[in-house]
Amino acid sequence: MAATSSSATIAIPGQLLGPASKFQPGPGTHIHESNLYSSLLGLVHVNQPTKAPGPVKRLNKITPAPPPAELPTISVSRSAVSDKRETLPEVGNTVLCRVIRITPRQAVVAILICGETVLDAEWQGLIRVQDVRATEKDRVKIYESFRPGDIVRAEVVSFLSPTLPFTRRFYADAAY
Amino acid sequence: MTDRRRVNGPVGSTNPPVFEDEPEQEFGAQKGIRTRTPTATRKMYLKTGVTPSASGSAYLEIEASRKGAVSGLKLSCTVHGPRSLPRSTPFSPHIILSTHVKYAPFATKQRRGYIRDPTERDLGSHLETALRGAIIADRWPKSGVDIIISIVEGDHDRETSKSQGGEAWDMMNALSGCITVASAALADAGIDCVDTVAGGVAALVRDEGDDTTPRIVIDPIPSEHEQILAACCVAYLPDRDEITNLWFKGDLPASDMELYSQLVEKGIQASRNSNEVIVNSLLISTREQQPHERHDGTTRMHIAFNLQR
Amino acid sequence: MKFPLGSSSLNWMYGRGRQSAAIRNLETHNPTSTSHPESDSDLLHTADSYSSIMAIPSLSFSRPTFAKLSPHPYLLTNLSPQSPSTKPSRTNGRAPHEARPVQIHTSSLSHAHGSALVRSGNTTVVCGVRAEILPVTNIPQYRPRSSLQPSTTASDEAADRAELKAYDLLVPNIELATGCAPQFLPGVPPSTLAQTLSTRVYSLLHSCGVVDPKSLRIWHDPSAEAKKTTGEGDASMQDDNDDDESEAEPPQLMAYWVLYIDLLFVSFDGNPFDAAWTAVMAALRDTKLPEARWDPDREMAICSRTRKNPLDVSRGGLPVACTAAVFQEKEYAEAGGLAGENRHWVLLDPDRLEESLCRETVTMVVDCGGVGGETRIRSIEKQGGTVIGRELMRGFAGVAEKRWREVRDAMQ
């Protein structure tokens with residue numbers, strides 16, 4: 001497990017965090033002219049890669065040109081300073097959603113919770129009939145699986161396709 | 001046609017009160033002369049998180065220059081989102097900004113209506129340009145964000161009767177404030193930005209008495225000067241050293257390019273001052289929230305930053 | 001009643017401080033299971049066959065997750081704690097009859113004649129009163145008033161009120177579409193809620209007789225004008241002069257002040273009416289109208305820059321609105337069911353979450369500042385539901401009295 005050394009440094013958008021040759025960009029950062037900058041207001045975290053040499057003076061311990069995988073990841077997170085944070089559902093995320101309406105081909109759901117984050121805005125998702133379960137896919141009937149109002153736990157399988165807004169692979173149905 | 005969804009009041013038209021003319025010297029004593037140095041901005045109060053139900057929010061107040069004569073600017077900004085776009089919207093690989101600036105009915109000398117007028121639409125589109133340059137738009141595909149600013153009190157001279165097109169210059173100050181407050185609210189909402197953008201205004205003015213050389217001042221108040229020849233409002237990213245929006249207005253000879261760049265330079269200086277206020281306010285609010293305490297929103301302190309150095 | 005995953009795995013846990021409590025009787029809140037009992041077995045089959053394929057992680061949720069997924073049971077479990085030692089409290093930590101403290105700031109706007117900022121928890125509203133002049137020649141159906149005597153009799157007072165209403169001298173408007181909450185975004189016509197609120201404020205202003213129409217009249221007094229030209233100096237044109245007119249020409253009513261009362265919500269967290277009404281009252285008490293005199297030559301009212309008179313709002317007393325919502329144990333109970341089967345809580349000063357879960361609301365407007373501190377009920381409005389009856393209403397008057405004192409203290 002990666003050792004996490006976090007400092008209580010507050011970063012504001014546009015703040016210089018370090019050169020891109022010494023850090024990997026994590027969430028909440030961006031690269032501009034081979035430097036890493038913060039893009040959020042939050043706390044700076046530096047995640048050392050496997051087996052960090054020591055807690056003190058971590059900047060000096062980095063060898064000048066290590067392979068990229070060994071670079072510590074620097075990230076800016078809002079979780080400690082704000083209880084409200086929006087996250088965009090990403091492929092692979094586990095989400096909790098409520099079924100809004102069903103059609104023979106798919107169930108339309110509103111995503112309420114993404115990972116551990118309670119979402120403020122409602123993102124819409126689709127569970128296609130072929131994604132409802134892993135086996136006997138051709139015998140799935142949407143109306144036998146879902147009813148409007150159900151809370152569904154699902155995994156995001158696609159996000160950026162313009163035609164299919166979201167697709168969820170159903171794997172647990174908690175009929176609420 | 002009257003809007004039946006509001007309480008419209010009397011059928012006959014009403015007039016704002018007309019005041020009797022005061023004796024000349026009394027009025028002259030009230031008329032402001034700029035007491036700040038040409039490179040000083042007025043005091044600003046900026047506070048984030050004033051609207052807890054929004055994703056992000058901020059309140060900006062610029063002090064009134066003199067008691068009673070000129071009102072300060074009071075702006076309240078809320079940011080809603082990122083949220084999913086409506087179903088009718090076509091696919092977008094990046095975040096879609098929508099800005100909305102509205103004066104409150106009691107914000108200015110004349111009562112404002114509830115329907116947005118062209119001035120307010122103009123402010124909204126300038127604001128959108130200014131913010132678009134600061135936001136990392138492709139971090140949030142298929143999303144939209146609403147940025148709404150209510151101008152609770154406009155930067156208007158209450159007493160002066162001579163207009164000299166003051167409305168246009170007031171708009172510049174309003175836009176600069178809008179950019180600053182929206183930038184703080186965006187940071188509060190956690191929307192990725194390359195930098196904290198801030199607004200600043202500089203103007204080429206001619207003062208009463210001396211008709212020799214016009215001078216450049218930052219954060220101008222129209223009523224404090226005999227005449228404003230030109231003004232520019234910049235939205236500036238200090239760490240990137242980039243201007244995201246430049247709005248220039250006035251009457252300058254085309255030959256004197258030096259004057260243009262000087263004016264923009266001073267606008268950047270004003271914007272740096274505003275940026276400092278944003279940074280301080282964000283740092284303080286973040287420190288306040290750090291001990292994992294939930295904010296109840298009832299007891300909030302005002303933080304004042306003195307920029308008159 | 002069966003659950004597809006078995007009730008045990010549906011352990012809707014949430015932490016409250018150190019404690020955590022499982023929700024009881026989840027099936028009673030299940031809307032779909034009662035409406036489609038026959039489809040349960042199908043669903044069970046689907047889920048069973050699936051659960052044999054993949055291990056289902058236990059469903060236990062954090063507090064905010066629980067609140068988002070099922071707000072009604074979330075509020076219910078807070079209000080009915082497991083152990084009798086803990087007092088029932090709402091999700092916002094308040095007791096059922098506890099209102100949010102009110103803060104009032106006045107005179108903060110310089111372009112308005114009177115203004116107030118009212119903050120009640122996370123609900124913040126700004127009110128600005130702006131006066132404009134309406135010459136009587138602009139009133140289509142103007143009937144000149146003959147009597148100039150101070151109105152003491154009841155009929156005169158009624159006439160005064162009719163005057164206020166007939167000429168529409170009070171114009172309250174509430175703007176909600178300021179982004180004060182996610183559901184109120186601008187660029188749309190006023191929502192039903194905004195229209196309702198404006199109308200309620202409008203009718204309450206008139207029914208309580210808050211504003212004295214006498215202070216809205218602008219007179220032209222030729223005799224006083226004559227006195228002034230002969231060097232009398234200070235001439236008071238606006239007041240209801242009842243003794244010094246016996247001259248040839250009686251004073252004439254030339255114009256009215258029209259009060260535009262605009263309210264802007266900066267932040268919205270439930271109970272908009274109480275906050276709006278408090279802001280209206282505070283702003284009207286803060287309003288100062290410039291002294292106006294009618295200039296017959298220019299045919300317009302001219303105002304003094306320096307002399308201002310406070311608006312007379314003393315006659316209406318200080319009505320204070322007090323709103324509560326009724327939360328019922330069963331989310332989808334039939335209307336008219338027995339009260340004993342369905343527990344309920346009266347939640348004073350509801351917030352946004354509570355408002356969305358309650359169907360029955362009651363607003364009582366009381367004024368305890370009358371002679372001898374007697375409480376007068378100025379208005380009662382009740383919408384939806386059947387819980388609040390005569391007894392509860394009587395008890396609620398006491399709650400409203402307490403609220404009146406809180407608001408009065410905040411006003412001073």
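All figures in this text were calculated on a predicted structure; none of them were measured in a lab.

**Concerning the overall build of chain C**
- On a plain count of helices and strands, chain C comes out with 10 helices and 14 strands.
- With 412 residues in all, chain C has 53% of them scored as buried.
- Sequence-distant contacts in chain C: of pairs separated by 6 or more residues, those separated by 24 or more amount to 71%.
- Split by element, the accessible area of chain C, about 18300 Å² in all, is 51% carbon and sulfur.

**Concerning the overall build of chain A**
- On a plain count of helices and strands, chain A comes out with 2 helices and 12 strands.
- For chain A, the sequential pattern of α-helices and β-strands runs β-β-β-β-β-β-α-β-β-β-β-α-β-β.
- The proportion of buried residues among the 176 residues of chain A is 49%.
- Across chain A, every contact between residues at least 6 apart in sequence was considered, and the portion connecting residues at least 24 apart equals 57%.
- With an accessible surface of roughly 8300 Å², chain A has 55% of that area assigned to carbon and sulfur atoms.

**Some details on the packing of aromatic side chains**
- Enumeration according to the criterion identifies 7 aromatic pairs over all chains in this entry.
- Note on Phe 248 of chain B and Tyr 260 of chain B: the rings are 5.1 Å apart at their centroids and 40 degrees apart in plane angle, and the pair reads as tilted. Here Phe 248 of chain B is found in strand E10 (residues 242-250), whereas its partner Tyr 260 of chain B is found in helix H4 (residues 257-289), with 12 residues between them in sequence.
- The exposure class assigned to Phe 248 of chain B is partly exposed, which follows from its relative accessible area of 27%.
- According to the relative accessible area criterion, Tyr 260 of chain B is partly exposed, its value standing at 22%.
- Centre to centre, the rings of Tyr 167 of chain C and Tyr 256 of chain C are 5.4 Å apart; their planes meet at 45 degrees, and the pair counts as tilted. You can see Tyr 167 of chain C sitting in the loop between helix H5 (154-166) and strand E6 (170-175) and its partner Tyr 256 of chain C sitting in strand E8 (residues 252-267), a full 89 residues away along the chain. Residues Tyr 167 of chain C and Tyr 256 of chain C agree in their burial class; the two are buried.

**Describing unusual backbone geometry**
- The linkage connecting Gly 81 of chain B with the following residue, Pro 82 of chain B, adopts the cis geometry, with an omega of 5 degrees.
- Looking at the secondary structure, you find Pro 82 of chain B in strand E4 (residues 73-84).

**Quick word on the nonpolar core**
- Membership of the largest hydrophobic core comes to 94 residues, with the highest contact counts inside it found for Val 79, Leu 127, Ile 149 and Ile 151 of chain B.
- It is helix H3 (residues 166-189) of chain B that provides the largest number of residues to this core, a total of 14 residues.
- Not counting residues up to four positions away in its chain, the partners in contact with Ile 151 of chain B are Lys 74, Leu 75, Val 101, Lys 102, Tyr 103, Ala 104, Ala 107, Leu 123, Ala 174 and Cys 178 of chain B.
- Core analysis: the second largest hydrophobic core is formed by 90 residues, Val 125, Tyr 167, Phe 273 and Trp 277 of chain C among them.

**Looking at empty space enclosed by the protein**
Residue and element names in this part refer to chain B.
- Using the criterion set out here, one finds 6 cavities of 30 Å³ or more in the structure.
- Looking at the largest cavity, its volume works out to about 120 Å³.
- Taken together, 17 residues make up the lining of the largest cavity; nearest its centre are Met 44, Ile 62, Ser 176, Asp 219 and Ser 274.
- For the lining of the largest cavity, the secondary structure elements donating two or more residues are strand E3 (56-62), H3, strand E7 (198-206) and H4.
- Top element by residues in the lining of the largest cavity is H3. It accounts for 4 residues.

**Notes on the interface of chain C and chain B**
- Every contact between the two is made by 59 residues of chain C and, on the other side, 51 residues of chain B.
- Of the roughly 4800 Å² buried between chain C and chain B on both sides combined, carbon and sulfur atoms contribute 55%.
- Counting across the interface, chain C meets chain B through 1 salt bridge.
- Its salt-bridge partner being Asp 262 of chain C, residue Arg 111 of chain B comes within 3.0 Å of it at the nearest N-O pair.
- On the surface where chain C and chain B come into contact, there are 19 residue pairs in polar contact (both at pLDDT 80 or more).
- Looking at the side of chain C that touches chain B, the elements with two or more residues in it are strand E5 (123-135), E6, helix H6 (192-208), E8, strand E9 (288-295) and strand E10 (300-310) of chain C.
- Looking at the side of chain C that touches chain B, the element that brings in the most residues is E5 of chain C, giving 9 residues.

**Regarding H6 of chain C**
All names here are of chain C.
- For H6, built from 17 residues, the straight-helix expectation of 24 Å at 1.5 Å per residue is met to within 8% by its first-to-last C-alpha distance of 24 Å.
- Those residues of H6 not exposed but buried are Ala 194, Leu 197, Ser 198, Arg 200, Val 201, Tyr 202, Leu 204, Leu 205, His 206 and Cys 208.
- Phi turns positive one or two residues past the end of H6, at Gly 209, with a value near 60 degrees.

**Considerations on the sheet that holds strand E9 (residues 227-237) of chain B**
All names here are of chain B.
- An order of E8-E7-E9-E10 is seen for the 4 strands of this open sheet, with the pairing classed as antiparallel. Both edges of this open sheet fall to strand E8 (215-218) and E10, since each of them pairs with a single strand only. Between one strand and the next, the sheet's axes are offset by a mean angle of 20 degrees, whatever the strand orientation.
- Examined bridge by bridge, E7 and E9 share 9 bridges and lie antiparallel to one another. For Val 205, the partnering residue across the bridge sits in E9 and is Ile 228.
- Here helix H2 (residues 118-132) sits on the sheet in contact with E9 and E10, set at roughly 150 degrees to E10.

**Overview of the state of the cysteines**
- With the rule as written, the count across this model stands at 0 disulfides over all chains.
- Here Cys 232 of chain B is not cross-linked by a disulfide; its sulfur's nearest cysteine counterpart is in Cys 233 of chain B, at 7.5 Å.
- Taking the relative accessible area as the measure of exposure, Cys 232 of chain B reaches 0% and is therefore buried.
- Cys 77 of chain B provides the cysteine sulfur closest to Cys 180 of chain C, a residue in no disulfide bond, and the two sulfurs are 13 Å apart.

**Things to note about the pairing of E5 of chain C**
Residues and elements named next belong to chain C.
- Counting buried positions along E5 gives 13 out of 13 residues, so the element sits mostly inside the fold.
- Side chains Thr 123, Val 125, Cys 127, Val 129, Ala 131, Ile 133 and Pro 135 of E5 all project onto a buried face; the interleaved residues Thr 124, Val 126, Gly 128, Arg 130, Glu 132 and Leu 134 project onto the opposite face, where all are buried too.
- Strand direction decides the pairing type here: strand E4 (residues 114-120) and E5, joined by 7 bridges, are antiparallel. Note on E5: the bridge partner recorded for Gly 114 is Val 129.
- Between E4 and E5, which pair antiparallel in sequence order, lie 2 residues; one of them, Gly 121, sits at a positive phi of approximately 65 degrees.
- Where E5 meets E8, 12 bridges bridge the pair, whose relative direction is antiparallel. Residue pairing in the sheet places Val 129 in a bridge with Ile 261 of E8.

**Re the domain arrangement of chain C**
Residues and elements named next belong to chain C.
- For chain C, the assigned domains read domain 1 (15-28 + 40-54), domain 2 (102-141 + 155-226 + 250-315) and domain 3 (321-411).
- Every contact between the two is made by 22 residues of domain 2 and, on the other side, 17 residues of domain 3.
- Between domain 2 and domain 3 the total buried area reaches about 1600 Å² when both faces are included, carbon and sulfur atoms providing 51% of it.
- Looking only at domain 2, the three residues that lose the most surface to domain 3 are Arg 200, Asn 271 and Asp 274, adding up to 30% of its buried area.
- Connecting domain 2 to domain 3 are 1 salt bridge.
- In this structure, the connection of domain 2 to domain 3 is made through 9 residue pairs in polar contact (both at pLDDT 80 or more).
- Sort the elements by how many residues they give to the side of domain 2 that touches domain 3 and helix H8 (residues 272-286) lands first, with 8 residues.
- Looking at the side of domain 2 that touches domain 3, its residues break down into 12 nonpolar, 6 polar and 4 charged.

**Points about the sheet that holds strand E11 (residues 320-328) of chain C**
Residues and elements named next belong to chain C.
- With antiparallel pairing, 4 strands are arranged side by side in an open sheet as E12-E11-E13-E14. Where the open sheet ends on each side, the last strands, each with one partner, are strand E12 (344-348) and strand E14 (376-383). Between one strand axis and the next, the sheet turns by 20 degrees as a mean value, whatever way the strands run.
- Relative to strand E13 (residues 360-367), E11 is paired through 7 bridges, and the arrangement is antiparallel. If you follow Thr 323 over to E13, its bridge partner there is Thr 363.
- Contacts between H6 and the sheet are confined to E13 and E14, with E14 contributing the most and set at about 155 degrees to the helix.

**Some thoughts on the pattern of salt bridges**
- Per the counting criterion, the structure on display carries 31 salt bridges over all chains.
- Ionic pairing is found between Asp 269 of chain C and Arg 100 of chain C, a salt bridge with its closest N-O pair at 3.7 Å. One end of the pair, Asp 269 of chain C, is in the loop between E8 and H8; the other, Arg 100 of chain C, is in the loop between helix H4 (71-79) and strand E3 (102-106), and 169 residues separate them in sequence.
- On the accessibility criterion, Asp 269 of chain C (16% relative accessible area) is buried.
- Residue Arg 378 of chain C pairs with Asp 367 of chain C through a salt bridge whose shortest N-O separation is 3.8 Å. Remark: Asp 367 of chain C occurs in strand E13 and Arg 378 of chain C occurs in strand E14; sequence separation between them is 11 residues.
- Members of the salt-bridge network, linked through shared partners, are Lys 102, Arg 112, Asp 117 and Glu 120 of chain B.

Criteria and cut-off values
- Residues numbered from 1 in each chain as written.
- Chains lettered and ligands numbered in written order.
- Predicted model: local features only at pLDDT ≥ 70, side-chain atom pairs only at ≥ 80, totals over all residues.
- Heavy atoms only, no water.
- Helix = DSSP H or I, 4+ residues; strand = E, 2+ residues; numbered from the N terminus.
- Buried < 20%, exposed > 50% of the residue type's maximum accessible area, 1.4 Å probe, protein only.
- Contact = heavy atoms within 4.5 Å.
- Areas by Shrake-Rupley, 256 points an atom, 1.4 Å probe, with all protein chains shown as cover.
- Phe/Tyr/Trp six-rings, centres within 6.5 Å; stacked < 30°, edge-to-face > 60°.
- Core = buried A, V, L, I, M, F, W, Y, C linked by side-chain atoms within 4.5 Å.
- 1 Å grid on protein atoms, 1.4 Å probe; cavity = no way out; pocket = protein on both sides within 12 Å on 5 of 7 lines; lining within 4 Å.
- Points joined across faces, edges and corners; volume = space filled by probe spheres on them.
- Buried area = accessible area lost by both parts, 1.4 Å probe.
- Salt bridge = Lys/Arg side-chain N within 4 Å of Asp/Glu carboxyl O.
- Polar contact = N/O pair within 3.5 Å; in protein donor to acceptor, adjacent residues only side chain to side chain.
- Expected span 1.5 Å × (residues − 1).
- Pairing = 2+ DSSP bridges.
- Axes fitted to C-alpha atoms, helices over the stretch in contact; angles between N-to-C directions.
- Disulfide = S-S within 2.5 Å.
- Domains from an automatic or database assignment.
- Nonpolar A, V, L, I, M, F, W, Y, C, P; charged D, E, K, R; others polar.

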